[in-house]
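# Examining the three-dimensional arrangement
Spelled out from the first residue to the last, the chains are:
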Amino acid sequence: MASYDVIVIGGGPGGYVCAIRCAQLGLKTACVEARETLGGACLNVGCIPSKALLHASHQLHEAEHNFAAMGLIGSAPKVDWKRMLAYKDEVIGQNTKGVEFLFKKNKVDWLKGWGSVPQAGKVKVGDEVHEAKNIVIATGSEPASLPGVTVDEKVVVTSTGALELPRIPKKLVVIGAGVIGLEMGSVYARLGSEVTVVEYLDFITPGMDGEIQKTLQRTLKKQGLEFILGAAVQGVEATKTKAKIAYKLRKDDSDHTLEADAVLVATGRRAYTDGLGLKEIGVETTERGVVKTGAHWETSVPGIYAIGDCISGPMLAHKAEDEGMAVAETIAGQKGHVNYGVIPGVVYTWPEVAAVGQTEEQLKEAGRKYKVGKFSFMGNGRAKANFAGEGFVKLLADAETDRILGAHMIGPMVGDLIHEICVAMEFGAAAEDVARTCHAHPTYSEAVREAALACGDGPIHS
Ligand code: NAI
């Protein structure tokens, strides 16, 4: 048994970041993680491995579609799926070992095993009970189940199984046109699968700006993804190698089926708090297991905090990281804070999609007067040179004060470009502040400046 200032349960991006920050702030810290490697879903079966496959398959797409036009002649590379999966695993290994190194460097103890909380101030890992002045629950989320669908992670898979299908399926059906469905759907479409995305709503990527939704769908359709919208999946029947997907079209209640070699169920994730014993000690959760938190992420039991996917808010690694750092600061007696109005969202398709702040739909609903500054990547020299002219940057600013209220982008590397606007918003900047900032030429970032100029006297290059 050991005694700590803080024990963090869960070694994902919320938990490990929290543990490192606690240690940096002088607190004796341990992190409980049962997985063989640190990093949680994000590093092991989520963000990082999917980005490796997106990167590799994007290179193939470039070779097949753009190389010849640049004078790079020769047959396009062939896919060695086993090697590609091995590359993905190497990327995971480098990242998870990196976190282990950071734990050692910062003197965070890794308590290996499943953690539970027998009472406030105590954390049980295996047969050992450790003492902790503060406990942070950072146990994350798991794929949500869908009625009528049994996941076997071979033919009917979640995002986890989609990262290591035994072979590239000839036909892949994706249930859910959210972030996971579109990212993994893109990977397999680029690798040659016929991909059909079945979505309950009449549009893709719920919550995103409407114009972005339409543009992204059109772009992905050009890349070969088929969409069946307004379709509620009723069930999936699977054999060892095939699956039959039954869905109902909402507009007329008609029944339909699709056949596939693999089915990806990407219909959301649910908070994972099973087995912690929270209810027994009085930590309030919702019916769906989401831990209820008050100001500064404290639960209904003093000394027990919760962050990341297991509390409310967007299930995003960087939101969890921010909360992890802020709760560490709170525990250390500082003023931890997260600005939930400036949390970017990125979809790593090609082109990428990135958003921060409010959408036009939200501003209209709130009755706020706003102006729109928009600039197409077709007017950006660098994008044209790189066959990346598809997409645009849209900046939303207050009609009177010019304060930036939101940004919505689709285009090359916009997942990186969005942060210029995040910083601007954190500083309460006006569109004119961005417009008057010198941007290096030729870079994609000039499109952001042009969109800011479009909020004022107008862009130069359109
Ligand atoms: P999601 O919530 O983004 O999308 C799920 C989609 O499935 C929705 O569009 C929903 O309408 C649809 N759906 C639900 N039931 C259905 C049914 N019966 N038939 C047809 N469609 C149905 O969830 P997703 O993509 O599984 O992602 C889970 C979480 O992980 C999200 O919070 C997401 O933000 C996060 N994530 C973030 C990434 C990123 O930041 N790039 C990457 C991957 C995941």
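As the structure is a prediction and not an experimental result, all values here were calculated from the model.

What counts and how
- Residues numbered from 1 in each chain as written.
- Predicted model: local features only at pLDDT ≥ 70, side-chain atom pairs only at ≥ 80, totals over all residues.
- Heavy atoms only, no water.
- Core = buried A, V, L, I, M, F, W, Y, C linked by side-chain atoms within 4.5 Å.
- Buried < 20%, exposed > 50% of the residue type's maximum accessible area, 1.4 Å probe, protein only.
- Helix = DSSP H or I, 4+ residues; strand = E, 2+ residues; numbered from the N terminus.
- Contact = heavy atoms within 4.5 Å.
- Pairing = 2+ DSSP bridges.
- Near = heavy atom within 4 Å.
- Areas by Shrake-Rupley, 256 points an atom, 1.4 Å probe, with all protein chains shown as cover.
- Nonpolar A, V, L, I, M, F, W, Y, C, P; charged D, E, K, R; others polar.

### Considering the nonpolar core
One recurring pattern in soluble globular proteins: nonpolar side chains tend to sit buried together. Counting residues in each nonpolar core, the largest one holds 53 residues, and the members touching the most others are F103, V136 and I137. At seven residues, the largest contribution of residues to this core is made by helix α1 (residues 13-24). What F103 contacts, discounting residues up to four positions off in sequence, is Y16, A19, I20, C31, L38, V108 and W110. Grouped together as the second largest cluster of nonpolar side chains are 36 residues, M84, A177, V195 and I410 included.

### Focus: the pairing of strand β21 (residues 392-398)
Among the seven residues in β21, seven count as buried, and that is most of the element. What you see with β21 is no split at all: F392, K394, L396 and D398 on one side and V393, L395 and A397 on the other are buried throughout. Counting the residues in the hairpin turn of β21 and strand β22 (residues 404-411) gives five residues, including D402, whose phi is positive at 75 degrees.

### So, the site of the ligand
Close to the ligand lie 23 residues, the nearest being I180, E183, E199, G268 and V346. For the ligand, whose free accessible area comes to 840 Å², the fraction covered by protein is 79%. Of all the secondary structure elements, the ones that give two or more residues to the shell around the ligand are α6 (179-190) and β12 (231-238). Partitioned by chemical class, the residues of the shell around the ligand number 16 nonpolar, four polar and three charged.

### Digging into the environment of N106
If you trace the backbone, N106 turns up in helix α4 (residues 81-106). Between the alpha carbons of N106 and R21 there is a distance of 8.8 Å; along the sequence they are 85 residues apart. Not counting the four nearest positions on each side in its chain, N106 is found in contact with I20, A23 and Q24.

Keep in mind these values describe shape, not function.
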